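Observations on chain architecture
As a plain string of letters, each chain reads:
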Amino acid sequence: MNTENKVCPFCGIEAQIYKNPDTLETTYSNCLCGKFTIERRALDDKEFLKILTTDEKKILFSGFLRNNQSITLTSEFIGKELPQILEYCQTIPLSEKISKIKSYLYQKTSSIGKSLVVEYRNLYTLFYLKNYSELIKLLTYLQETKILQKRDHGKIGDDSNECVMLTVEGFSEIESALRNNIQSKKVFIACDFKTDFQDDLVNTIKAACASCGFEANLVSDERHNNDISHKIISDIKQSKFIIADFTDQNNGVYFEAGFAMGESKEVIRLIKKDQLKELHFDIRQFNHITWEMDKWEELKEDLINQIKATIKL
């Protein structure tokens, strides 16, 4: 595979790129964005420049790419999904960013008393921060609040890397917060709202989840005053897992499933049987439960079996 180096259009760091001669797609890797692919049409599309107008917006979008690895950017994605994603990235509260840092420290700590190295310049986009100085300040805050401690007597931020360790209190606090999320009984349903079969499909999903002790809901099931995109993000975060139906290739479903994966949520995927070959190549490698019209009991049984096989009940 022939690769070359080129500056990433989002994080501004030199990346390794590969141009696929068959699909005319370019894949970027080994930069602050992690790994992503751009279709040729999207690469030539100037809409990116109209939406990501500042370096700050580009870095925040880089954080989204970092949290949703191997995503493919298409012209349709730019026009329909990018504005909503950018709005989300710009409105993430500080408390959520701190929670992401805590979760990262916890996941990287193999046992109590173990230290780990934090690389400021390579990690800050993972937490939707605008620069690595923000990460230094938040790590200092976590040190002052006894969540973590530095392994020597220097100050956090002296070098590009920092060796830190979660305190016993910090380890316990983060573990407790994560456990509350793990014990959730909520399930998020991602599907196209404008179909003739929506009611039958949703009712089947709800029935299968109820049989396994979970409560599945659509965003439209609840009355709320929040912006719909914020409500979607909130509901996914509070869910144990999500069930996503990719029938008709709905862009919102792709986004919601990708976001859930970035949040380390299990995703159970569905597709109408006669559309299986239409799936985007990025997700074809994942297992999909196929279904047919008027065979809802079969789908229900398949879903129950999949939930029992993949979700800790």
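Refer to the preceding data block for the structure.
Attention here is on the structure that accompanies the text. (Residues numbered from 1 in each chain as written. Predicted model: local features only at pLDDT ≥ 70, side-chain atom pairs only at ≥ 80, totals over all residues. Heavy atoms only, no water.)

A short note on the pattern of salt bridges
A full pass over the atoms with the stated rule returns seven salt bridges. Between Glu39 and Arg41 there is a salt bridge whose closest N-O contact spans 3.7 Å. (Salt bridge = Lys/Arg side-chain N within 4 Å of Asp/Glu carboxyl O.)

Section: the packing of helix 5 (residues 94–108) against helix 7 (residues 132–144)
In contact at an axis separation of 11 Å, helix 5 and helix 7 are set at 75° when each is read in the N-to-C sense. Accordingly, the angle class assigned to the pair helix 5 and helix 7 is roughly perpendicular. The segment helix 5 lies against helix 7, with Leu94, Ile98, Ile101, Lys102 and Leu105 engaging Leu135, Leu138, Leu139, Tyr141 and Leu142. (Axes fitted to C-alpha atoms, helices over the stretch in contact; angles between N-to-C directions. Helix = DSSP H or I, 4+ residues; strand = E, 2+ residues; numbered from the N terminus. Parallel < 35°, antiparallel > 145°, perpendicular 65-115°, else oblique. Contact = heavy atoms within 4.5 Å.)

Focus on the packing of aromatic side chains
This structure, assessed with the given rule, holds 12 aromatic pairs. Residues Trp291 and Trp296 carry aromatic rings whose centres are separated by 5.1 Å and whose planes lie at 35° to one another, so their mutual orientation is tilted. The pair formed by Trp291 and Trp296 is uniform in burial state, with each residue classed as buried. By the ring-pair criterion, three or more aromatic residues cluster together here, those being Phe10, Tyr28, Phe36, Phe61, Phe64, Phe255 and Phe259. Above the face of the Tyr132 ring, Arg121 is positioned so that its terminal group lies 4.2 Å from the ring centre. One cation-aromatic arrangement involves Arg269 over Phe286; the distance from NZ or CZ to the ring centre is 4.0 Å. (Phe/Tyr/Trp six-rings, centres within 6.5 Å; stacked < 30°, edge-to-face > 60°. Buried < 20%, exposed > 50% of the residue type's maximum accessible area, 1.4 Å probe, protein only. Lys NZ or Arg CZ within 6 Å of the ring centre and 35° of its normal.)

Let's talk about the sheet that holds strand 7 (residues 148–150)
In spatial order, the strands read 6-8-7; together these three strands make up an open sheet with antiparallel pairing. For this open sheet the edge positions go to strand 6 (115–119) and strand 7, each flanked by a neighbour on one side alone. Pairwise comparison of adjacent strand axes, ignoring direction, gives a mean angle of 40° for this sheet. Both strand 6 and strand 8 (residues 161–166) contribute to a ladder of five bridges, which runs antiparallel. Note on strand 8: the bridge partner recorded for Val118 is Glu162. Against the sheet, helix 5 makes contact with strand 6, strand 7 and strand 8, and its axis sits at roughly 135° relative to strand 6, the strand it touches most. Contacts from helix 7 reach strand 6 and strand 7 within the one sheet, and its direction differs from that of strand 7 by about 105°. (Pairing = 2+ DSSP bridges.)

Some remarks on the side chain of Lys97
In this structure, Lys97 sits in helix 5. No salt bridge forms around the buried Lys97; measuring N to O, its nearest opposite-charge neighbour Glu134 is 5.0 Å away. Sequence-distant contacts of Lys97, that is, excluding residues within four places in its chain, are made with Ile92, Phe127, Tyr128 and Leu129. (Lys, Arg positive; Asp, Glu negative; His and termini not counted.)

A short note on helix 7
Taking 1.5 Å per residue, 13 residues should reach 18 Å; helix 7 reaches 19 Å between its end C-alpha atoms and fits that length. Those residues of helix 7 not exposed but buried are Leu135, Ile136, Leu138, Leu139 and Leu142. Where helix 7 is buried, its residues contact helix 5, strand 6, helix 6 (120–123) and strand 7. For helix 7, the capping residue at the N-terminal end is Asn131, with a side-chain oxygen 3.1 Å from the backbone nitrogen of Ser133. After helix 7 finishes, the residue Lys146 shows a positive phi value of roughly 70°. (Expected span 1.5 Å × (residues − 1). Polar contact = N/O pair within 3.5 Å; in protein donor to acceptor, adjacent residues only side chain to side chain.)

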